[in-house]
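Tertiary structure, described
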Amino acid sequence: MSDFVTAMTGAGLTVAVGLTAIARSVRPTGRHRAPRTAAEATLLRPVEALDASRAYCPAEDRDTLQLHLRLGGVRCTECRNDPTEAAQ
């Protein structure tokens, strides 16, 4: 009888560990972001969130919207080039 009890205890523990692993893989961990609602998505475009100004771009030969990057560079939103390098 003790062999039977040992086998049933082992089987029960195996089932419990398996169910715990399945439950942990299925339940949300909180690391995923909730999907954005339509109201949140229309609040601010990425271009508006950056430091932007209008300036002359030599590659486009007109005034364009230019983004000032955090590390000191400038990028034209039309041609994606650095207008200061194009002028040289």
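If you're wondering where the values come from, they're calculated on a predicted model, not measured in any experiment.

**Examining the pairing of strand β2 (residues 62–68)**
- Here strand β1 (residues 51–57) runs beside β2; their pairing, made up of seven bridges, is antiparallel. Counterpart to A52 in the pairing with β2 is L67.
- Between β1 and β2, which pair antiparallel one after the other, the connecting turn spans four residues, and D61 there sits at a positive phi close to 60 degrees.
- Two successive antiparallel strands, β2 and strand β3 (residues 74–76), enclose a turn made up of five residues, where G72 displays a positive phi of approximately 105 degrees.

**Points about a nonpolar patch on the surface**
- A contiguous nonpolar surface patch, about 410 Å² in accessible area, is contributed by V15, L19, I22 and V26.
- Its place among the elements puts V26 in helix α1 (residues 2–26).
- Residue class for V26 comes out exposed when judged on its relative accessible area of 64%.

Rules used throughout
- Residues numbered from 1 in each chain as written.
- Predicted model: local features only at pLDDT ≥ 70, side-chain atom pairs only at ≥ 80, totals over all residues.
- Heavy atoms only, no water.
- Pairing = 2+ DSSP bridges.
- Helix = DSSP H or I, 4+ residues; strand = E, 2+ residues; numbered from the N terminus.
- Patch = residues over 30% accessible without salt bridge, like charges linked within 9 Å, V, L, I, M, F, W, Y side chains within 5 Å.
- Areas by Shrake-Rupley, 256 points an atom, 1.4 Å probe, with all protein chains shown as cover.
- Salt bridge = Lys/Arg side-chain N within 4 Å of Asp/Glu carboxyl O.
- Buried < 20%, exposed > 50% of the residue type's maximum accessible area, 1.4 Å probe, protein only.

Interpretation in functional terms is not warranted from these geometric data alone.
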